[in-house]
Amino acid sequence: MKTNSSICHGCSIGCGLYLVESEEGEKRKVLHRTTSPMNEGKLCRFGTDLHTYYERETMINSVDGKEVKQDEAIKAAKESLKGMKPEELAFIALPGTITNEEIVSFLSLAAEFGCENVSFGFERFFGVVPEEAAYIIEKGLPFSEVDGASKIILFFLDPFVHYPLLARRILKAKKNGAKVIEVSFAKNERGIADETVLVVPTEVERIKEKKELFEDSLIIGELTPYTNPQLLSFMLWLNASTASRLFLLKPFLNSTGAFLLGKDSGRKDLFEILEGVEKGEIKALYLLETDLAGAMLGGEGVAETTSKLDLLIEQNAFRTHFDTAGITICSEPFFMKKGTVVNVEGRVLEIGGESEKGLQIMESIGKGRKYEEVHEEAKKRLGLGDSEINEFEIAVKREERKFEVAEPKIEKEEGGGAGEEYFLWYKTNPFFWNGIRAKNFVEISPVAMKELGLFRGDEVEIAQGEQKERIGFKISDLPQNLVLSEAKLAIKPLQGLLTRVETRRAE
Ligand code: SF4
């Protein structure tokens, strides 16, 4: 039996674990790695079940739906890309299961074809924040800073749900005497906070009146492709105008690597790329280890949009929610990869595998370099010099800088048509981003249950325009007009944390 040291790709913490290779006919197993400094051996439910995500159906090598040898699929991808104009091309990789080396290779592949439409999912935020504040988006903080904080503000973040291993750090900080305050629409799970500042959904702006609360604190929030840019500006403003630090967690493991390595390349907002596809301006898309329809809200709409492409190339270890890709190229699962990632603390972590397959696919289409050359380039661009990779060190450090941000306004949620008096609030989590529905219900208040005439065993119908979802419900301690979902529903958020929805008893 072979035991590999590996990393969980469920979120940007990158918990260390062991994956025990299966004997003939047996399944892989996950074991705890107590020496891992990111998580000290502990794992959340996603990490404990990690082996099951490696049992999905593998991707095949295909051209126009016909299974081919890998060389043929690579050759077809190269030829097809050559036939496109640079502005008609786009390259997307949500950095959950890609290594730094693959990012370097991916960027040079896009550059080889003169393409500047490259997205790792977060590009639009760089357009709304001052350059001096970009380091907050790019780099996180070591967890020792959480352990040692005296005051922690959880800003619309429920650690037990969003980033489970962060919750342990907050509990540790509390043991060390920290005061934990949550600013949210409803109390977080398991009463982790000492104090709750409840925000009325239509009055997020009013947090400004409590600015002094943020003095001398560590503000912990989240940045995802769906974060309202106004809310990000708001967090930055709170940070800049008080004596505080801001720590933004991200859902994708190698977000920091993607930010730092992609810095000087052509960047384009993910949603703008999809708009370009919709308008017929972007005709070809290369997706690297990204199940776009599985990861994004309104996945069906995304699949419909991409069906308009002349050319969709998917490089992935597993089958995705798309069935329209003209060319599919099979890479290796994440745990088999040779390479590194940077977690949200700034630790450079080795994945633990030996395979260079994913990287070599891109290098065969592009520059044709060897792994070592690309690895050295990644190290150089991350500023690692000649040092050995060591998970016990924070190699990518951030320096706090002073910056100014104009006092932001948070616009009221759009929508609000007849009957839309409820707000849908997504609490994202590792299952959410990996296209897995771990909970098949939404949470509502006891008052809403009464108001909607619901009984045990009923289902609710939640609708926003044409988008509808029918699902079970659970009663929770929530404001009357809030519908909370940890599952990805068919409803896309409009512009912010909340989306106005019609809610009724499903017939
Ligand atoms: S906290 Fe994140 S990285 Fe750690 S086990 Fe859970 S999903 Fe994986």
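Keep in mind that this is a model prediction, so the values were computed, not measured.

Quick notes on empty space enclosed by the protein
The final tally for this structure, using the stated rule, is five cavities of 30 Å³ or more. Its boundaries defined by the atoms lining it, the second largest cavity holds a volume of some 90 Å³. Lining the second largest cavity are 13 residues, with Cys8, Gly10, Cys11, Cys15 and Cys44 positioned closest to its centre. At the level of secondary structure, the elements contributing two or more residues to the lining of the second largest cavity comprise α1 (45-48) and α9 (164-175). Here the lining of the second largest cavity is built from residues that sort into ten nonpolar, three polar and no charged.

Remarks on the site of the ligand
Around the ligand, a shell composed of Cys8, Gly10, Cys11, Gly14, Cys15, Leu43, Cys44, Phe46, Gly47, Leu165 and Pro430 is seen. Taking a 2 Å distance to the grid points as the criterion, the majority of the atoms of the ligand fall inside the second largest cavity. Among the residues forming the shell around the ligand, the class breakdown is eight nonpolar, three polar and no charged.

Focus on the sheet that holds strand β2 (residues 16-20)
Reading across the sheet, the three strands line up as β1-β2-β3 and stay open at both edges, with antiparallel pairing between neighbours. Sheet topology places β1 (3-7) and β3 (29-32) at the edges, where each strand pairs with a single neighbour. Sheet twist, expressed as the average angle between the axes of neighbouring strands with direction ignored, equals 35°. Bridge count between β1 and β2: five bridges; the pairing is antiparallel. Bridge pairing in β2 places Thr3 opposite Val20.

Considerations on the environment of Gly96
Residue placement: Gly96 occurs in the loop between β6 (89-92) and α4 (100-112). Taking relative accessible area as the criterion, Gly96 reaches 14% and is therefore assigned buried. Not counting the four nearest positions on each side in its chain, Gly96 is found in contact with His9, Phe252 and Leu253.

Some remarks on the sheet that holds strand β15 (residues 327-330)
The mixed open sheet is built from seven strands, whose spatial order is β5-β4-β15-β14-β13-β6-β7. Looking along the sheet, the strands with just one partner apiece sit at the ends: β5 (66-67) and β7 (118-119). Pairing of β6 with β7, which is carried by two bridges, proceeds in the parallel orientation. Bridge assignment links Ile92 to a residue of β7, and that residue is Ser119. Contacting β13 (284-288), β14 (311-316) and β15, helix α15 (residues 357-365) crosses the sheet at an angle of about 155° to β13.

Topic: the domain arrangement of the protein
Split by domain assignment, the protein resolves into domain 1 (3-53), domain 2 (62-122 + 255-338 + 349-381), domain 3 (131-249) and domain 4 (422-505). Across the contact, 19 residues belong to domain 3 and 20 residues belong to domain 4. Buried area between domain 3 and domain 4, both sides added, is near 1500 Å², and the carbon and sulfur share of it is 68%. Taken as a group, Phe185, Pro201 and Tyr226 account for 34% of the area that domain 3 buries against domain 4, more than any other trio of residues on that side. At the boundary of domain 3 with domain 4, the tally comes to one salt bridge. Its salt-bridge partner being Lys427, residue Asp158 comes within 2.7 Å of it at the nearest N-O pair. Applying the counting criterion to the domain 3 and domain 4 interface returns two residue pairs in polar contact (both at pLDDT 80 or more). Of all the secondary structure elements, the ones that give two or more residues to the side of domain 3 that touches domain 4 are α8 (159-162) and α10 (229-240).

Remarks on the packing of α4 against helix α11 (residues 255-262)
Two elements in contact, α4 and α11, have axes whose closest approach is 10 Å; the angle formed by their N-to-C orientations is 35°. The hand of the α4/α11 crossing is right-handed. Listed contacts from α11 to Asn100, Ile103, Val104 and Leu107 of α4 are Gly257, Ala258, Leu261 and Gly262.

Procedures and definitions
Residues numbered from 1 in each chain as written. Predicted model: local features only at pLDDT ≥ 70, side-chain atom pairs only at ≥ 80, totals over all residues. Heavy atoms only, no water. 1 Å grid on protein atoms, 1.4 Å probe; cavity = no way out; pocket = protein on both sides within 12 Å on 5 of 7 lines; lining within 4 Å. Points joined across faces, edges and corners; volume = space filled by probe spheres on them. Helix = DSSP H or I, 4+ residues; strand = E, 2+ residues; numbered from the N terminus. Nonpolar A, V, L, I, M, F, W, Y, C, P; charged D, E, K, R; others polar. Near = heavy atom within 4 Å. Sits in = over half its atoms within 2 Å of the grid points. Pairing = 2+ DSSP bridges. Axes fitted to C-alpha atoms, helices over the stretch in contact; angles between N-to-C directions. Buried < 20%, exposed > 50% of the residue type's maximum accessible area, 1.4 Å probe, protein only. Contact = heavy atoms within 4.5 Å. Domains from an automatic or database assignment. Buried area = accessible area lost by both parts, 1.4 Å probe. Salt bridge = Lys/Arg side-chain N within 4 Å of Asp/Glu carboxyl O. Polar contact = N/O pair within 3.5 Å; in protein donor to acceptor, adjacent residues only side chain to side chain. Left-handed = near helix turned anticlockwise from the far one by under 90°.

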